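Chain by chain, the residues:
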Amino acid sequence: MVDFSGIAKRVCLELLPDIRVGEFVLVHVGFALARIDEAEAARTFSLLEELRQLSELQESP
Amino acid sequence: MKYLEEYRDPSAAEKALESIARIAKSPWAIMEVCGGQTHSIVRHGLDRRLPSGIELLHGPGCPVCVTPLEMIDRAHAVAAQPGVIFCSFGDMLRVPGSHGDLLSLKARGCDVRIVYSPLDAMRLAVGNPHREVVFFAIGFETTAPANAMAVWQAKRAGIRNFSVLVSQVLVPPMLAAILESPDNRVDAFLGPGHVCTVMGTGEYAPIAETYGVPVVITGFEPVDLLAGILRAVRQLEEGRAALENAYGRVVTAAGNSAAKSLIAEVFEVTDRKWRGLGSIPKSGLRLRPPYRELDAERRFDVRHLETDEPAECISGMILRGLRKPNQCPAFGKTCTPDTPLGATMVSSEGACAAYYTYGRHLAGAEDACKAR
């Protein structure tokens, strides 16, 4: 069973054989397709911040 | 919801927009591939917040939109057969075929049902042993594992009254077809985030290299989309053309190996016709010989039918990013979500539906200035 913000739905986990309770997954048409990587999730923001700082050094004319 | 809300944070989005504005010095046309990405862009008005030189082209990544008219007509023919329970994702029901849509068949008493998952259709087959249950297996690589699983399980369990009508398509050949078209305007792609959770990113590096076009695998929330655009613009400004993964929290280079194995077991690559794009070689999937007994086209012998597109509908040009919905004379007038002329207005992921839902038919002048 997968919890979608409080709504529980039955999802097929066959495609993620190593998944464990407590992990977050991406679900599509009733199937869990991928686990969500916490470190990568944070990296989206740190990379945006890096690029922001870099861009400040290259202001558009 | 965790891993969702953060990517809708307005201040992170603003900062990304500022970064893009600072580094964008030349005009660029960037195509987002997925219908879900188009929808999110239009909903959040991201295209209107970008610097005027950055244009977003809406790609044909809407599986409902690109399902060929022949397949809709075949679905019709199967669904109309007595005793059949025809199951489909909701969107497909309102796509106009040559002779109306599946919903109108339902209204006439045929048993057409909306399902969320192909496994639901399989369960209907188990629960109704004296009826033929057919599932309309459309989609890109994202739905392929689910459809493969349903076919594989049905065969293994000996469920004889279940079959699938297959219209699966693949993204990489579609990108190549767009790039090879004489009227191509794409400078960079925002690659398909969820397709890549299944297939990995390996197929996209050759596209970037061969065609000299950056491909940034991108998610669907505003922060994800802006991060993808920022990384694409950065490459373009620096004269680079490489594959980047901007959706690392769910996309890995290898993808989902269990899903890929299952797809390879059940399906094989074939040529497919795309609505609005024509036939693209090796761009789709069909059932492999051991599973062909579950092919609804064979079981119901519906392979030959006349097709007829409404003349006014310019879905084809919209799907290739050559026109925006509000440049279509029928948009918002004869063509609305209630009275759709073509698939791009019917599907919740279609560009026309997105533009209409978020009121773009009411802002004609503003968009006309920006459109090219």
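(A) Geometry of the overall build of chain A. When you go through chain A residue by residue, the secondary structure sums to 1 helix and 4 strands. Starting at the N terminus and walking to the C terminus, you meet the elements of chain A as β-β-β-β-α. Since a compact globule built from 61 residues should have a radius of gyration of about 10 Å, the 18 Å found for chain A marks it as more spread out than a globular shape. Considered along the principal axes of its C-alpha atoms, chain A spans approximately 55 × 20 × 20 Å. When each of the 61 residues of chain A is scored for burial, the buried share is 38%.

(B) Layout of the packing of helix H1 (residues 10–23) of chain B against helix H12 (residues 222–237) of chain B. All names here are of chain B. H12 packs onto H1 with a crossing angle of 15° between their chain directions and a minimal axis gap of 9 Å. It follows from the interaxial angle that H1 and H12 lie roughly parallel. Viewed along their axes, H1 and H12 form a crossing whose handedness is left-handed. Where H1 approaches H12, its residues Ala12, Ala13, Ala16, Leu17, Ser19, Ile20 and Ile23 are matched on the opposing element by Val223, Leu226, Ile229, Leu230, Val233, Arg234 and Glu237. Here the residues of the contact of H1 with H12 sort into 11 nonpolar, 1 polar and 2 charged.

(C) Geometry of the layout of surface pockets. Residues and elements named next belong to chain B. Space inside the second largest pocket adds up to approximately 380 Å³. Taken together, 16 residues line the second largest pocket, and the ones lying closest to its centre are Arg74, Val166, Arg272, Arg286 and Glu297. Of all the secondary-structure elements, those providing two or more residues to the lining of the second largest pocket are helix H5 (69–79), strand E10 (267–274), strand E11 (278–287) and helix H14 (296–299). In terms of residues, the lining of the second largest pocket owes the most to one element, E10, which gives 4 residues. Of the residues in the lining of the second largest pocket, the class split is 4 nonpolar, 1 polar and 11 charged.

(D) Seen up close, the interface of chain A and chain B. Contact residues are listed per partner, giving 35 residues for chain A and 40 residues for chain B. Roughly 3300 Å² of surface becomes buried between chain A and chain B when both sides are summed, with 68% attributable to carbon and sulfur atoms. Looking at the side of chain A facing chain B, the largest losses of area belong to Leu15(A), Val29(A) and Leu48(A), adding up to 17% of the total buried there. There are 2 salt bridges connecting chain A and chain B. Across the pair Lys2(B) and Glu38(A) runs a salt bridge, and its minimum N-O distance is 3.4 Å. Applying the counting criterion to the chain A and chain B interface returns 9 residue pairs in polar contact (both at pLDDT 80 or more). Mapped onto the side of chain A that touches chain B, the elements with two or more residues apiece are strand E3 (25–28), strand E4 (31–35) and helix H1 (38–56) of chain A. The element best represented in the side of chain A that touches chain B is H1(A), accounting for 13 residues.

(E) Region of the structure containing the sheet that holds E10(B). All names here are of chain B. Read across the open sheet, the 6 strands follow the order E4-E3-E5-E6-E11-E10; overall the sheet is mixed. With one partner strand each, in any of the chains shown, strand E4 (111–114) and E10 form the two edges of the open sheet. Neighbour-to-neighbour, the strand axes of the sheet open up by a mean angle of 25°, direction not taken into account. Those strands touched by helix H7 (residues 118–127) are strand E3 (84–88), E4, strand E5 (132–139) and strand E6 (162–169), and its axis lies near 170° from that of E5.

(F) Spotlight on the sheet that holds strand E9 (residues 243–245) of chain B. Residue and element names in this part refer to chain B. Taken in spatial order, the 5 strands make up an open sheet running E2-E1-E7-E8-E9, and their pairing is parallel. Both outer strands of the open sheet, strand E2 (54–61) and E9, are each paired with one neighbouring strand and no more. Strand after strand, the sheet turns through a mean of 25° between neighbouring axes, direction not considered. One ladder, built from 6 bridges, connects strand E1 (residues 28–34) with E2; its direction is parallel. Residue pairing in the sheet places Cys34 in a bridge with Gly61 of E2.

(G) Up close: unusual backbone geometry. Residue and element names in this part refer to chain B. Despite not being glycine, Lys282 has its phi angle at roughly 50°, a positive value. Mapped onto the fold, Lys282 is located in strand E11. Since its relative accessible area comes to 60%, Lys282 is described here as exposed. A positive phi angle is found at Asp301, which is not glycine, with a value near 45°. Secondary-structure assignment places Asp301 in the loop between H14 and helix H15 (315–319).

(H) How the structure looks around the packing of H1(A) against H1(B). Running from N to C, H1(A) and H1(B) cross one another at 35°; their axes reach a closest spacing of 9 Å. Of the two elements, H1(A) crosses H1(B), and the hand of that crossing is left-handed. Of H1(B), the residues touching H1(A) (which contributes Phe45(A), Leu48(A), Leu51(A), Arg52(A), Ser55(A) and Glu56(A)) are Ala12(B), Lys15(B), Ala16(B), Ser19(B), Arg22(B) and Ile23(B).

(I) Focus on helix H9 (residues 171–180) of chain B. In terms of residue burial, H9(B) counts as a mostly covered element, since 7 of its 10 residues are buried. By the burial criterion, the buried members of H9(B) are Val171(B), Pro172(B), Met174(B), Leu175(B), Ala176(B), Ile178(B) and Leu179(B).

Analysis parameters
Residues numbered from 1 in each chain as written. Chains lettered and ligands numbered in written order. Predicted model: local features only at pLDDT ≥ 70, side-chain atom pairs only at ≥ 80, totals over all residues. Heavy atoms only, no water. Helix = DSSP H or I, 4+ residues; strand = E, 2+ residues; numbered from the N terminus. Rg over C-alpha atoms; globule rule 2.2 N^0.38 Å. Buried < 20%, exposed > 50% of the residue type's maximum accessible area, 1.4 Å probe, protein only. Axes fitted to C-alpha atoms, helices over the stretch in contact; angles between N-to-C directions. Parallel < 35°, antiparallel > 145°, perpendicular 65-115°, else oblique. Left-handed = near helix turned anticlockwise from the far one by under 90°. Contact = heavy atoms within 4.5 Å. Nonpolar A, V, L, I, M, F, W, Y, C, P; charged D, E, K, R; others polar. 1 Å grid on protein atoms, 1.4 Å probe; cavity = no way out; pocket = protein on both sides within 12 Å on 5 of 7 lines; lining within 4 Å. Points joined across faces, edges and corners; volume = space filled by probe spheres on them. Buried area = accessible area lost by both parts, 1.4 Å probe. Salt bridge = Lys/Arg side-chain N within 4 Å of Asp/Glu carboxyl O. Polar contact = N/O pair within 3.5 Å; in protein donor to acceptor, adjacent residues only side chain to side chain. Pairing = 2+ DSSP bridges.

Keep in mind that these numbers describe shape and distance, not what the molecule does.
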